[in-house]
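# Observations on the three-dimensional arrangement
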Amino acid sequence: MNDVFDNKVALVTGGSRGIGAAVAVRLAEDGADVALTYQRGTDAAAAVVEKIKAMGRRAVALQADSADPEAVVAAVDQVAAQLGRLDILVNNAGAYHVAPVEELGQAEFEETIAVNVRAPFVASKAAIKHMQDGGRIINIGSNVAERVVFPGLSLYALSKSALIGLTKGLARELGARGITVNQINPGPIDTDLNPASGPFAATAAGFTALGRYGVPAEIAATVAHLAGDGGAYLTGATIAVDGGFNI
Ligand code: NDP
């Protein structure tokens, strides 16, 4: 526990489980009040909120499907209204459909673009109205945004590559205000989306230099760095936190 983010407010989309939950908890450990969104996991979201409140920080969970742009914007505005400000936005919620292109339908395409691309766009657009100078936007991409090492990842990869364009564009637009915008591209991280016990896990771990899956706290540590003073001169970057997957 420390006070790096004392009096700051963070919003983490998809913060009820996995990487998002670890990010929410880490930012609270470092002093932030934290809001998180979720889609279905009301109990899981409430558990993260209780954990943060037990640290003496304020926390709210908002049900907001990232596929619904109006819900995303309403959540951002509600965080600013309820917690009084917004300093750090972490666009983390993601849709992950793995299949060859010829097996993917329009629904999977639209959901992936809506959640992985449009939601960070509209959340950022809404958040920068509330952010003071020195704010932070951190997008959670994927190692496959840079290098597609398995078949079946075309749709997911295209969405996370598009996010790099948004990251760079926003960094350029917001630099004059000292607001930094960066993307973290995680490698295989042990979550419900990609369990380290799953059928492809040994292969994925084998692609990393470190020979293992990462854990959500290892992504949260980089988020905390980018969100803190140490990240002040770091913007428009795409940072691989992938155990050496893409080297
Ligand atoms: P999980 O499936 O473990 O957790 C996903 C979280 O996002 C949950 O809190 C879930 O809430 C929420 N969520 C999912 N869909 C929506 C939605 N439509 N609207 C709002 N919230 C939603 O995923 P991870 O933690 O593994 O992934 C987090 C991010 O990291 C994603 O962007 C993913 O693409 C990326 N990533 C993950 C990697 C990995 O190996 N795990 C590797 C590279 C990138 P609820 O339970 O309520 O649905």
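This write-up is about the structure you can find in this document. Everything numeric here is computed off the predicted structure, so don't read it as measured data.

### Structural notes on the pairing of strand 1 (residues 9–12)
Taking every second residue as pointing to the same face, both faces of strand 1 are buried, with Val-9 and Leu-11 on one and Ala-10 and Val-12 on the other. With four bridges joining them, strand 1 and strand 2 (residues 33–38) adopt parallel strand pairing. Across the sheet, the residue bridging to Val-9 is Asp-33, located in strand 2. Since strand 1 and strand 2 lie parallel, the crossover through helix 1 (residues 18–29) that links them has a hand, and here it is right-handed. When strand 1 meets strand 4 (residues 88–91), the two strands line up parallel, connected through three bridges. Following the sheet pairing, Ala-10 is matched in strand 4 by Ile-88.

### Brief notes about the sheet that holds strand 2
Note on sheets: strands pair through backbone hydrogen bonds, and any given pair is parallel or antiparallel. With parallel pairing, the seven strands of this open sheet are ordered in space as 3-2-1-4-5-6-7. Pairing within the sheet leaves two strands with one partner each, and these edge strands are strand 3 (59–63) and strand 7 (238–241). With direction set aside, neighbouring strand axes in the sheet form an average angle of 20 degrees. The sheet strands contacting helix 4 (residues 106–130) are strand 4 and strand 5 (136–140), and the helix crosses strand 4 at an angle near 175 degrees. Running over the sheet, helix 5 (residues 154–174) touches strand 5, strand 6 (180–186) and strand 7 and is turned about 160 degrees from strand 6.

### A look at a nonpolar patch on the surface
There is a patch of nonpolar side chains on the surface, built from Tyr-96, Val-98 and Leu-193 and spanning about 260 Å² of accessible area. Relative to the helices and strands, Leu-193 is located in the loop between strand 6 and helix 6 (201–207).

### Comments concerning the pairing of strand 2
Here strand 2 lies mainly inside the structure; six of its six residues are buried. Across the two faces of strand 2 the burial is the same, with Asp-33, Ala-35 and Thr-37 and Val-34, Leu-36 and Tyr-38 all buried. Inspection of the sheet shows strand 2 paired to strand 3 by five bridges, in the parallel sense. If you follow Leu-36 over to strand 3, its bridge partner there is Ala-61. In terms of handedness, the path from strand 2 via helix 2 (residues 42–53) over to strand 3 forms a crossover that is right-handed.

### A closer look at the site of the ligand
Residues in contact with the ligand amount to 30 residues; listed here are only the nearest, Ser-16, Arg-40, Gly-41, Tyr-156 and Thr-191. Within the contact set of the ligand, an oxygen atom lies 2.9 Å away from a side-chain nitrogen or oxygen of Arg-17. When the free accessible area of the ligand is taken as 900 Å², the share hidden by the protein chains comes to 94%. The set of elements that each furnish at least two residues to the shell around the ligand consists of helix 1 and helix 5.

### Describing unusual backbone geometry
For Asn-7, which is not glycine, the phi dihedral falls at a positive 70 degrees. Topologically, Asn-7 is positioned in the segment before strand 1.

### Structural notes on the packing of aromatic side chains
Counted by the stated rule, this structure contains three aromatic pairs. Ring geometry for Tyr-96 and Tyr-156: centres 4.6 Å apart, planes at 75 degrees, overall edge-to-face. Placement of Tyr-96 in the loop between strand 4 and helix 4 and of Tyr-156 in helix 5 is noted, with a sequence separation of 60 residues between them. On the basis of relative accessibility, which here comes to 10%, the residue Tyr-156 falls in the buried class. Aromatic pair Phe-150 and Phe-207: ring centres 5.2 Å apart, planes at 90 degrees, arrangement edge-to-face. Taken together, the residues span a long stretch of sequence, with Phe-150 in the loop between strand 5 and helix 5 and Phe-207 in helix 6 at a distance of 57 residues.

Rules used throughout
Every chain's residues receive numbers from 1 upward, in the order its sequence appears when written. Whole-chain, interface and lining totals are the exception, using all residues; otherwise, since this is a predicted model, local features are given only for residues with pLDDT of at least 70 and side-chain atom pairs are given and counted only at 80 or more. For side-chain calculations, the full set of non-hydrogen atoms in the structure is used, while hydrogens and water are omitted. For the exposure calls, accessible area comes from a 1.4 Å probe over protein chains only, and a residue counts as buried if that area is under 20% of its type's maximum, exposed if over 50%, partly exposed in between. We count a stretch as a helix when DSSP gives it H or I for four or more residues in a row; a strand needs E for two or more, and each element gets its number in order from the N terminus. If DSSP finds at least two bridges between two strands, the strands pair. By convention a crossover is right-handed if, when the strands point away from the viewer, the path from the first strand over the helix to the second runs clockwise. Only the stretch in contact is used when a helix axis is fitted, and all axes are lines through C-alpha atoms; the angle between N-to-C directions ranges over 0 to 180 degrees. Contact between two residues is taken to exist if any of their heavy atoms lie within 4.5 Å; hydrogens are not considered. The residues that make up patches have over 30% relative accessible area and no salt bridge, and they are joined within 9 Å when like-charged or within 5 Å when they are Val, Leu, Ile, Met, Phe, Trp or Tyr. Note that accessible areas follow from Shrake-Rupley with a 1.4 Å probe, and for residues the cover is restricted to the protein chains shown. Salt bridge criterion: a side-chain nitrogen from Lys or Arg within 4 Å of a carboxyl oxygen from Asp or Glu. For this purpose, a residue is taken to be near a molecule or strand whenever a single non-hydrogen atom of the residue falls within 4 Å of it. Distance and chemistry together define a polar contact, namely a pair of N or O atoms within 3.5 Å, with one atom able to donate a hydrogen and the other to accept it when in protein, and with adjacent residues in sequence counting only for side-chain atoms on both sides. Under the pairing criterion, centres of Phe, Tyr and Trp rings, with the six-membered ring standing for Trp, must be within 6.5 Å; the plane angle then separates stacked pairs below 30 degrees from edge-to-face pairs above 60, leaving the rest tilted.

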